[in-house]
Amino acid sequence: METTFKLSQTTDYSLFKVAKNRSVNPKDVAQKRKSIAQIGLQSPIIVNKRYEIVDGQHRFHALRELNLPVDYLVSYNWKEEENTATINNTQKSWNTENWAEFRACQGNNEIARALELARNYNRLTNGKMSVTSALEMMSCTSSTVSGPIKNGTYCCDNEFGNEIYQLLTIVSEYPSSLKNAYSQKMVRAMKMLKNDLGYINRKAIHRMASRNMITTYNNESDMFRYIKKIYNQSLKK
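Note that residues are indexed from 1 along each chain, following the sequence as it is written. Given that the model is predicted, a residue must reach a pLDDT of at least 70 before its local features are reported, and side-chain atom pairs must reach 80 or more before they are shown or counted; all residues, however, enter totals for whole chains, interfaces and linings. Note: side-chain values were computed over all heavy atoms of the structure, leaving out hydrogens and water.

## Concerning the sheet that holds strand β1 (residues 5-10)
One open sheet accounts for five strands, arranged β1-β5-β3-β4-β2; its pairing is mixed. Each edge of the open sheet carries a strand with a single partner, namely β1 and β2 (17-18). Strand pairing is defined by DSSP finding a minimum of two bridges between the two strands. Helix and strand labels come from DSSP, where a helix needs a run of H or I of at least four residues and a strand needs a run of E of at least two; each type is numbered from the N terminus. Direction of pairing for β2 relative to strand β4 (residues 52-55): parallel, over a ladder of two bridges. Bridging across to β4, Lys17 finds its partner in Glu52. The contact rule is simple, with two residues in contact once any of their heavy atoms fall within 4.5 Å. Only the stretch in contact is used when fitting a helix axis, every axis being a line fitted to C-alpha atoms; angles between N-to-C directions are given from 0 to 180 degrees. Against the sheet, helix α2 (residues 57-66) contacts β3 (45-47), β4 and β5 (70-75), and its axis sits at roughly 120 degrees relative to β4.

Here it is, written out as structure tokens:
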């Protein structure tokens, strides 16, 4: 009978390699470290035949920081990089940023460039614009980006995205009832306005924001219709 798994234990941390995976989240490592310190390791990490960690990278970092032995399974069922995503999604569903990291690690330069730009927008807004919202802001399509990121067909238009960012920055400069001018709903609504009109007058946006006319709706479609209405009104003043 063909061997599919092999369970082992080691304290040789150098044995393991980094697989093409999402990046390590320090908060997740801290949570794993606390859990392992309290109740021990409850499931081994999984590596492929090259000893690349395909599941359990946060557990591995936590064990190494605690100076504890690593229990690991060598999976002979692992055949290709896509298996890494499949294994991880059975544990904890990946978000859009996780998929972008994975595709970037695989060598998708378009997504790698977009991810770098998105993280820069995240820093510029002190975290108010999420990486996913930034990816959506720069997307060439009007649909959500989760599908194109996941299947590797995402197309980045940073010139378009930067124009949307500048408009949102204008809105953020004024006191407002909006909780976050860089929210995903605002990003989508402003994209819809730009796609619908082609050109957006920044002075009109200033008027709208200075008079606190922009408000949050339950979805971006309602927000778009309202913003378009008050934008047209602002153009006439």
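On we go from here.
## Description of the packing of aromatic side chains
Aromatic pairs are defined between Phe, Tyr and Trp rings, using the six-membered ring for Trp, whenever the two ring centres lie within 6.5 Å; interplanar angles under 30 degrees are classed as stacked, those over 60 as edge-to-face, and all others as tilted. Counted according to the given criterion, the structure contains seven aromatic pairs. Arranged with centres 5.1 Å apart and planes meeting at 85 degrees, the rings of Phe16 and Tyr72 form a pair that is edge-to-face. Placement of Phe16 in the loop between β1 and β2 and of Tyr72 in strand β5 is noted, with a sequence separation of 56 residues between them. Classification of Phe16 as buried rests on a relative accessible area of 9%. Here's how the labels work: a residue is buried when its accessible area is under 20% of the maximum for its type, exposed when over 50%, partly exposed in between, all with a 1.4 Å probe on protein chains only. A residue is classified by how much of its surface remains accessible, and Tyr72, at 6% relative accessible area, is buried. An angle of 25 degrees between the planes, with centres 6.0 Å apart, marks the rings of Tyr165 and Tyr182 as stacked. Placement of Tyr165 in helix α8 (residues 158-172) and of Tyr182 in the loop between α8 and α9 (184-197) is noted, with a sequence separation of 17 residues between them. Note on Tyr182: relative accessible area 7%, which makes it buried. Ring pairing ties together the aromatic residues Tyr13, Phe16, Tyr51, Phe60 and Tyr72, which thus form one cluster.

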